[in-house]
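# Architecture and fold: a report
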Amino acid sequence: MMRNLERLKSWEGLLLAILVVVVVINVVQSPVYLSVENQVNLFQLFIERIIVALAMTFIIINGEIDLSVASVMGLASCLLAFLHEQGVPLPTAILVTLAVGVIVGAFNGFWISVVGLPSLAVTLAGLIGYRGVARILVEDRSIGNFPEWFNRLGQQPLLGPLPLASIIFFVLLVAAVIVLQYSAFGRYVFVIGNNREVARYSGVKVRQMKMTLFIASSTIATLAWLLLAARLGAVRGSTAEGFELDIITMVLLGGVSIFGGTGTLTGVGLSILLILNLRNGMSLVNITSNTQTGVIGVLLILSVLLPNWGQAVRNLRNRRRRVGQGQTAGE
Amino acid sequence: MMDAIKRYLRPEQIRELSLVFLIIVTLIFFGTQIEGYYSGRTFNRITTTVAIIAVVAVGETLVILTRNYDLSVGSIVGFTAYFVGTQLANNNGISPLAAVLMAIGLGAVMGLINGVLVAYGRVPSIIVTLGTLAIYRALLVNYSGAKTVTTDSLPQWLLDLARVNLFSVGAFDIRPMVALALLIVVIFQLVITYLPFGRRLYAIGSNPEAARVAGFPTQRIVMTAYVLCGSLSGLAGFMFLARFGNITVVAAQGMELSAIAAVVVGGVNVFGGSGTMIGALLGALMINTLEQSLIRWLQISEFWRDALLGLLILVAVATDAVIINRLRNLWARSGLQARPATETPGVQAQEEAGHDA
């Protein structure tokens, strides 16, 4: 346990060090980097993905995965646009969309927690299926013409330089930290992620927990998408396609184990900052977004490969030490 | 009587038979809905599309049998299609054999990278291939410089692969590409049924720890599965090039989903250890028949395709978990009582997979 803690700490330390290097390079490279506009913009461009990454952290620590979030985002956006186009007043449409987010989450959760299917397969089906439903709703059109106040909510600063989405993110972040690190619910998330059977025998309501998490994940994805719709001002069937790569990378790079059971929000927060600054810096020196995605892919692999190597080296050293001790004991 | 049936029909075969039945039902249904549905054209459109997906699905099955995934196959197909296409466009004189070998070699290298990271780097396969999915695509976009391979720049022999008739069965023509795909399915079905390498894939997928303890070179086998998957994806890239001719940088984007969907619908267990190539082929056939038919069916728009595909996958996985596993346990139990001595490794592997889920 102690060693685990140490390892995590050192991982976060490593992230922080890389982050500082990236920030310094950015400052040197570009004079606009430190401006308030750029800093706010840096968050704004990814704010929806960051919000979803918070929920994903819970799910991955719990030992599951949700590949369908980006498609849920797409579905939410298309549903909102579809209802808006049909003449439903926007506030009602927003409520309906959020309700659908809850239902979609419950649908995923049902197959995973009640029927007991692997979340990877269920959410893979969701990844394809929800996107399909979104396509049915908007086909190949692009729907915009949202009311003025809706777009303003997404694009204009609300509090100081911060737009609504950033405020929601910070509120959710605080809530997530409290729930994950200071509540019984959070403890259970870790326990289930570490060993599902043990959790069940200890009286943790595993099914109920998983259900809650998947509902939360989809609802938050839906919410995030509403924010994205407000920010972009128009919706298409392919909205948010491929976001799951970014979101999962943010979580895993933050030191959350893909097998569940370990991870902290501090790590995820640092990895989010790192990815944002890296992308922002690359944009400022005109590296295409496609190359950026490639770099994120490399980061994703390294984020697991490096700790593995570290572990292997440590194991080797421990074994040598143990062998040495064994010999002295034998004599 | 019951025993005799049980002996010759294992749950896997029941699953495959029901898939065949479903495909036939689909064909009959759309036959009544679409005019001129049973034509050579429909047949060709479905078979040439299935041919490409099936080759990728065979590779994907090899990997999934070992309880791993390969999400990068779409990018590998796109990359090889574009790369080989550019080479052939620049130099029409490259011999067919060299072009095919180039495609397979390129795919093998990309598969090797995946395999080394998964097997020796001990990085979970879903992370590695999610990463390389992005990396290979990014490399392709940078390599291409936003240019496109066009059909008229390609040599004629290549385009003929998807268009010329190899032989006919009644009114239905068999294209060389389709024959090649069928050949690959049969070869790899034989490999996983009879070769030690194939049996070890099942063993590793059923219980990686036990396989390692039993002394199998687990890492090498998993890596080989990835290299084969990459090579097959490279070959599929070549077929993709022959089929479409016009290749852009987004070629075959999302094909990993089609391939995994085919594999899952075909009854390959997503947790490894059970499944067949024939199943994967049937899965691909089922999905593409549905897709191609929906496009021509005027009652609902083609935008329904993805939604139905998602539903199909979910239904396939759910039936597997709920019905097939129960059947499998039943079979295993009665099998143990009836003939304890003739248990084959395959039955044991499947039995274990059944207990796992």
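Residues numbered from 1 in each chain as written. Chains lettered and ligands numbered in written order. Predicted model: local features only at pLDDT ≥ 70, side-chain atom pairs only at ≥ 80, totals over all residues. Heavy atoms only, no water.

## Thoughts on the nonpolar core
If you look at the biggest cluster of nonpolar residues, it comprises 211 residues, and the most contacted ones within it are Leu80 of chain A together with Phe240 and Leu241 of chain B. Phe240 of chain B has contacts with Ile52, Val77, Ala81, Gly245, Ile247, Ala251, Ala252 and Met255 of chain B, leaving out every residue within four places of it along the chain. (Core = buried A, V, L, I, M, F, W, Y, C linked by side-chain atoms within 4.5 Å. Buried < 20%, exposed > 50% of the residue type's maximum accessible area, 1.4 Å probe, protein only. Contact = heavy atoms within 4.5 Å.)

## Thoughts on the interface of chain B and chain A
Counting from both sides, the interface comprises 35 residues of chain B and, opposite them, 36 residues of chain A. Summing both partners gives a buried area of about 3100 Å² for chain B against chain A, and 85% of it is carried by carbon and sulfur. There are four residue pairs in polar contact (both at pLDDT 80 or more) connecting chain B and chain A. Breaking the side of chain B that touches chain A down by element, the ones donating at least two residues are helix H6 (125–144), helix H12 (255–265) and helix H14 (305–338) of chain B. Counting residues per element, the side of chain B that touches chain A draws most heavily on H6 of chain B, at twelve residues. In terms of residue class, the side of chain B that touches chain A is made up of 26 nonpolar, six polar and three charged. (Buried area = accessible area lost by both parts, 1.4 Å probe. Polar contact = N/O pair within 3.5 Å; in protein donor to acceptor, adjacent residues only side chain to side chain. Helix = DSSP H or I, 4+ residues; strand = E, 2+ residues; numbered from the N terminus. Nonpolar A, V, L, I, M, F, W, Y, C, P; charged D, E, K, R; others polar.)

## Details of the packing of helix H3 (residues 47–61) of chain A against helix H11 (residues 206–232) of chain A
Residue and element names in this part refer to chain A. Packing of H3 against H11 leaves a shortest axis separation of 8 Å and a crossing angle of 175°. Of the possible angle classes, the one that applies to H3 and H11 is roughly antiparallel. Only Leu213, Phe214, Ser217, Ile220, Ala221, Ala224, Leu227, Leu228 and Arg231 of H11 make contact with H3, whose side of the interface consists of Glu48, Ile51, Val52, Ala55, Phe58 and Ile59. Looking at the contact of H3 with H11, its residues break down into twelve nonpolar, one polar and two charged. (Axes fitted to C-alpha atoms, helices over the stretch in contact; angles between N-to-C directions. Parallel < 35°, antiparallel > 145°, perpendicular 65-115°, else oblique.)

## Quick word on the environment of Leu182 of chain B
Its location among the elements puts Leu182 of chain B in helix H8 (residues 176–194). Measuring from C-alpha to C-alpha, the distance between Leu182 of chain B and Val50 of chain B comes to 10.0 Å, with 132 residues separating the pair along the chain.

## Some words on the confidence of the model for chain A
Averaged over every residue, the pLDDT of chain A is 83; the share at 70 or more is 94%. No element of chain A has a lower mean pLDDT than strand E2 (residues 157–159) of chain A, at 72, and none a higher one than H3 of chain A, at 91. (pLDDT = per-residue confidence, 0-100.)

## What to know about the packing of aromatic side chains
What the rule picks out here adds up to 14 aromatic pairs over all chains. Each residue in the set Phe29, Phe30, Tyr37 and Tyr38 of chain B is aromatic and connected to the rest through ring pairs, giving one cluster. Directly above the ring of Phe243 of chain A sits Arg49 of chain A, whose terminal nitrogen or CZ lies 3.6 Å from the centroid. Positioned over the ring face of Tyr201 of chain A is Arg200 of chain A, at 5.0 Å from the centre of the ring. (Phe/Tyr/Trp six-rings, centres within 6.5 Å; stacked < 30°, edge-to-face > 60°. Lys NZ or Arg CZ within 6 Å of the ring centre and 35° of its normal.)

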